[in-house]
Amino acid sequence: MKKKLFLRLLCASLAVLMMVCILPALPVSAADTPVLDPKVDYTSILYDTEEDRLASMQKFYDNGEYALYCDTLLGVVAYQKLSTGETLFTNPWNMGAEKNKDNVVRSELMSQIMLEYLDSENQALSLNSYTDAALSGQIAVKNIKNGLRVEYAIGQRSSRILCPVRIEKSAFEEKILKPLQAAVKKKQLTERELTQFKVYFSLQAYTTASENKKKAIALSFPICEKKNIDIYVLNPNTSNNEMRKLEAKILAYCTDYSFEEMDNDHSFVEYEEEATSPPVFKMAREYTVSGNGLQVTLPANGLRYDETAYRIVDFQVLPFMGASLKTNEGYSFVPDGSGTLYELSAQTVTAFRVYGEDYSLFSNISGYRNAAMRAPVFGQVETVFTPDLISPSEYDEAGNKIKDAEYSETEGTTSKRGFVAIIEEGESLATIAPNHTSYMNYVSVSASFITRQNDTSKSKWKVYASRRYVGDYKLRYILLSDDDKAREASLSDYYECSWMGMACAYRDYVEAKNESFRRLTDEKVGSSLPLYIETFGCMDTVKKVLSMPVTVSVALTSFEDIAAMYDYLAGEGISNVNFKMKGYANGGI
């Protein structure tokens, strides 16, 4: 008896121990996640400070040096360096700084994924993770080793749209037009909106038509002759997006109309809907802390959709990671040639293909890309002034804000922040672009990817590779540190917030990844590695002498200048110097 009791206690203890081990790895369930409120505009929620935004998120990982936070409702992730408190957000935490109130702009700012795709009719469409996943509750967050995994179902889970394609005249007027007209009387809907709705439907008035007209209607819609009825027909050129807008009005004002009613209406006029798969793109994003960086991975098996009906053109990965305000001092870095720095206030959206154009695939090569990208790296740096918080925002018992936060107009702290990103896998399919637009206060730089190579034929047809890329898409983000914050944290080994800090971070990364990559010693540099310098001799220009235009030869680099450069470099230990002298004879340049 005692032996059986002991065994039962042992089994119970083991079961409890197993549950304790499993619980940290369980995904965040719907019960643990706050329910999305359809009345709340999440793009307009304001936080007093960066710390308040972090407090509203759930901590998923902490190794003593770095921590990962996630907003399980919106998919926003924050990567924090604990020693300095510097934090990198996937989306701007201070949406109050974005003055553009357009819903499309603000929804893009809150997205971690933006993708473009072609439907079965070759129509180009776009989706983003905020509008087409978060607002529909189609985001799940799970714990994984050294980080977290965010799973998205981007798009409409149901392909059916509550909008009749063909419907008998009296049914359409009673079930749909009548409630819409009532909404107009209540001023819930405008006459213009009602007219725009009715434009999409044409009346096939068979019962009152002439004999010739009846024959034409019967030829296109035999049910009219068969049952001697009039029907409304939806314009066949109506796109899915337009049908969704019509559906929105039906759902809002025709509350008694349902899919069952629509099926009955279609059955009465003997119309059969075409079965199509919904445009749903299931994607997973894994955030893991690895070394001194944040690794962001889209696994090969994490991208799933109906490839027979849809084709992804490209998708952007974290388009607003570490986004900066264009009113601040700073720049975005892209590796165009030897590297290009765009001031935050500069307007540019020029995209650059990593490693340059593939001339075996592209038949139409544009000339605006002046230099090829030789390194899959980009980054951003900005100087931020953070005003002191005088009094925080105040809320009532219901959670409604009754008083805005107050900040000092003169007192505060100025610091630098920045990051450098390295594309580790999938770089040959990547494009890097600064997102410096005129209609946004926030600017960023990010990478986008194609899923398969494509070419344009001479007849302008798009030709796609038969197989899509099946590897992982992987990026690494490395935080740059402000000198003052690093000094306060007693850090001696860190990357400064500058383009030099980016270069050092990338150099150390390549050295750690590639054993054959080693720093050159002074002995090797001085004895064998040549330094090439191209100098320009003289050129003709026009000057005025006694008010008369005279062509004179102006020296750009003299022989004395070349000798001075060589003496200086030799004094620094660089003796193997080759000068390429251009324009020193035959009339100059």
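One can find the structure itself at the top, above this paragraph.
Overview of the structure. Nothing here was measured: the structure is a model prediction, and the numbers come from that model.

Rules used in this analysis
- Residues numbered from 1 in each chain as written.
- Predicted model: local features only at pLDDT ≥ 70, side-chain atom pairs only at ≥ 80, totals over all residues.
- Heavy atoms only, no water.
- Helix = DSSP H or I, 4+ residues; strand = E, 2+ residues; numbered from the N terminus.
- Expected span 1.5 Å × (residues − 1).
- Pairing = 2+ DSSP bridges.
- Axes fitted to C-alpha atoms, helices over the stretch in contact; angles between N-to-C directions.
- Parallel < 35°, antiparallel > 145°, perpendicular 65-115°, else oblique.
- Left-handed = near helix turned anticlockwise from the far one by under 90°.
- Contact = heavy atoms within 4.5 Å.
- Nonpolar A, V, L, I, M, F, W, Y, C, P; charged D, E, K, R; others polar.
- Core = buried A, V, L, I, M, F, W, Y, C linked by side-chain atoms within 4.5 Å.
- Buried < 20%, exposed > 50% of the residue type's maximum accessible area, 1.4 Å probe, protein only.
- 1 Å grid on protein atoms, 1.4 Å probe; cavity = no way out; pocket = protein on both sides within 12 Å on 5 of 7 lines; lining within 4 Å.
- Points joined across faces, edges and corners; volume = space filled by probe spheres on them.
- Arc of directions from axis to C-beta.
- Phe/Tyr/Trp six-rings, centres within 6.5 Å; stacked < 30°, edge-to-face > 60°.

## Some details on helix H13 (residues 559-571)
Consideration 1: Spanning 13 residues, H13 covers 18 Å between terminal C-alpha atoms, matching the ideal 18 Å at 1.5 Å per step.
Consideration 2: Of the residues trailing H13, Gly573 is marked for its positive phi of about 95 degrees.

## A short note on the sheet that holds strand E1 (residues 58-62)
Consideration 1: The sheet built from four strands is open, its strands ordered E1-E2-E3-E4 with antiparallel pairing. Only two strands of the sheet have a single partner each, and these edge strands are E1 and strand E4 (86-89). Going across the sheet, the axis of each strand differs from the next one's by a mean of 20 degrees, ignoring polarity.
Consideration 2: With six bridges joining them, strand E2 (residues 66-71) and strand E3 (residues 76-81) adopt antiparallel strand pairing. For Asp71, the partnering residue across the bridge sits in E3 and is Val76.

## Let's talk about the sheet that holds strand E10 (residues 201-204)
Consideration 1: Across the sheet, three strands lie side by side as E9-E11-E10; this open sheet has antiparallel pairing. For this open sheet the edge positions go to strand E9 (166-168) and E10, each flanked by a neighbour on one side alone. Sheet twist, expressed as the average angle between the axes of neighbouring strands with direction ignored, equals 25 degrees.
Consideration 2: Across three bridges, E9 lies against strand E11 (residues 231-234) in antiparallel orientation.

## Overview of the packing of helix H4 (residues 169-185) against helix H5 (residues 191-199)
Consideration 1: Remark: H4 packs on H5, axes separated minimally by 9 Å, with the N-to-C direction vectors making an angle of 160 degrees. Relative to H5, H4 is oriented roughly antiparallel. Crossing of H4 over H5 shows right-handed handedness. Between H4 and H5, the residues in contact are Phe172, Ile176, Leu177, Leu180, Gln181 and Val184 and Glu191, Leu194, Phe197 and Lys198, respectively.
Consideration 2: When its residues are assigned to classes, the contact of H4 with H5 shows seven nonpolar, one polar and two charged.

## Quick word on the nonpolar core
Consideration 1: Core analysis: the biggest nonpolar cluster contains 79 residues, and Tyr287, Phe378 and Tyr477 have the highest contact counts within it.
Consideration 2: No other element matches the five residues that E2 contributes to this core.
Consideration 3: Core analysis: the next-biggest nonpolar cluster, separate from the first, contains 24 residues, Val165, Phe197, Leu234 and Cys254 among them.

## Structural notes on the layout of surface pockets
Consideration 1: In this structure, the second largest pocket occupies an estimated 1200 Å³ of space.
Consideration 2: For the second largest pocket, the lining is made up of 45 residues, of which Glu50, Trp93, Asn94, Val384 and Thr386 are closest to its centre.
Consideration 3: Listing elements by their share of the lining of the second largest pocket, those giving two or more residues are helix H2 (50-55), E4, strand E16 (324-325), strand E20 (377-391), strand E23 (406-425) and strand E28 (473-480).
Consideration 4: Its residues assigned to classes, the lining of the second largest pocket shows 19 nonpolar, 15 polar and eleven charged.

## Overview of helix H6 (residues 211-220)
Given 3.6 residues per turn, any residue in an α-helix points the same way as the ones three and four places further on.
Consideration 1: Every buried residue of H6 is listed here: Lys214, Ile217 and Ala218. Looking down the long axis of H6, one finds its buried residues gathered within 100 degrees of arc, a one-sided arrangement. Away from the buried face of H6 by more than 90 degrees, exposed residues Asn212, Lys215 and Leu219 are located.
Consideration 2: If you follow the buried residues of H6, they end up packed against E10 and helix H7 (222-227).

## Concerning the packing of aromatic side chains
Consideration 1: Counting across every chain of the model gives 15 aromatic pairs.
Consideration 2: When the ring of Tyr66 is compared with that of Tyr79, the centres are 5.2 Å apart and the planes differ by 10 degrees; the resulting orientation is stacked. In this pair, Tyr66 is assigned in strand E2 and Tyr79 in strand E3, connecting sequence segments 13 residues apart.
Consideration 3: Plain terms: the ring middles of Phe315 and Tyr473 are 5.1 Å apart, the flat faces sit at 85 degrees to each other, and that makes the pair edge-to-face. Pair noted here: Phe315 is in strand E15 (residues 311-317) and Tyr473 is in strand E28, with a separation of 158 residues, a long-range link. Neither residue differs from the other here; Phe315 and Tyr473 are each classed as buried.

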